[in-house]
Amino acid sequence: MKIRIVVAGRLRPAVLIAVVAAGLALTGLAQYSVSAIAEATIQPTSANQPAPVITSPSRVLGAETTQPTAGLPKLALSFDDGPNPLTTPLILNTLEQEHVHASFFIVGSRVAGNGALLRREYADGDDVGNHSWSHPDFGTLSRQQILTQINQTERVIAAAGVPAPFMLRPPYGDLGPNFPKNLPLAIVLWNIDPKDWDDHNAVQLTQRIIAEARPGGIIDLHGIYLSTAQAIGPAIDVLKQHYDLVTVSQLLGIKPGTTGIYYGYK
Ligand SMILES: [Zn+2]
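Everything quoted here is computed from the prediction, not taken from an experiment.

Participant: I keep staring at the pairing of strand 8 (residues 218-222) and nothing clicks. Help me out?
Facilitator: On a regular strand, one side chain projects to one face of the sheet and the next to the other, so that they alternate. Of all five residues in strand 8, five are buried; the element is thus mostly enclosed. Neither face of strand 8 is exposed, since Ile218, Asp220 and His222 on one face and Ile219 and Leu221 on the opposite face are all buried. Note: strand 3 (residues 74-82) against strand 8, five bridges, orientation parallel. Bridging from a neighbouring strand, Ala76 pairs with Ile218 of strand 8.

Structure follows, in structure tokens:
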């Protein structure tokens, strides 16, 4: 799979936030409700937390801020395109054995039959983010089609028993010209790309991950390749000596309601 990075139009400051209750009937396993992601049309009330107001570029672009220094510098591994019944368990086994956490960006259409993997990710303390329903390039979609891609995935993840994601990674890193403004989601991209889709050589991938790692980085990997699952153990063995391996939300302090576009720290 060829991944291209397109740094698309910046989100405008999110001064409004709308939460539209979807009122999904959640039964059985599902423990979490989900609100449809929608463009802002309603002024927030003071009953809830104030809407995030983004005024400075550094708030919008994590890449322009400086990472706080305390202990080892932080670094985040992220895995896109899963869940995958073969490779996701291998990745989770490695993360558990290494006692580190990572972030998973989920393709909604792949959740059916794999809900246990999402629950395990969440239970382990890993991030579970939204990576669209069917992995289209948002640059080719209408605003409504993009919203549908996002909301279908929010719902299927919540129905699997994991809180609906508050982070979105658009496929190919492309928001496109029709991306809805002021969505109550953090857009999480990356600033380190070891290109695990390129040669599928686990040994070389391990070396690239180690060589390209840097403080405050978000490493983009894909959780659907055996070579990636094989590469991360030896890479983590080395990275752990120099970095605190955390989730993207921990790295950037992203919480539900956080907005903006994030690439990692410089
Ligand atoms: Zn992807």
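Participant: Sorry, what's going on with the nonpolar core here?
Facilitator: Soluble, globular proteins show a tendency: their nonpolar side chains are buried together. Core analysis: the largest hydrophobic core is formed by 67 residues, its most contacted members being Ile157 and Ile219. Discounting chain neighbours no more than four positions away, the residues touching Ile219 are Ala76, Leu77, Ser78, Trp190, Ile192, Pro194, Ile209 and Ala213.

Participant: When you look at unusual backbone geometry in this model, what are you seeing that I'm missing?
Facilitator: Only a minority of non-glycine residues have a phi that is not negative, and only a minority of peptide bonds are not trans. Of the consecutive residues Gly82 and Pro83, the connecting peptide bond is found in the cis state with omega at 5 degrees. Structurally, the position occupied by Pro83 is in the loop between strand 3 and helix 2 (87-98). Look at His135: it is not a glycine, yet its phi comes out positive at around 60 degrees. Topologically, His135 is positioned in the loop between strand 5 (127-130) and helix 4 (143-159). Residue His135 is classed as partly exposed on the basis of its C-beta count, with 17 C-beta atoms lying within 10 Å. Its identity is not glycine, yet His200 carries a phi of approximately 55 degrees, on the positive side.

Quick notes on the rules
Residues numbered from 1 in each chain as written. Predicted model: local features only at pLDDT ≥ 70, side-chain atom pairs only at ≥ 80, totals over all residues. Buried ≥ 20, exposed ≤ 12 C-beta atoms within 10 Å, placed from the backbone. Helix = DSSP H or I, 4+ residues; strand = E, 2+ residues; numbered from the N terminus. Pairing = 2+ DSSP bridges. Core = buried A, V, L, I, M, F, W, Y, C linked by C-beta atoms within 7 Å. Contact = placed C-beta atoms within 7 Å.

These figures capture arrangement, not role.
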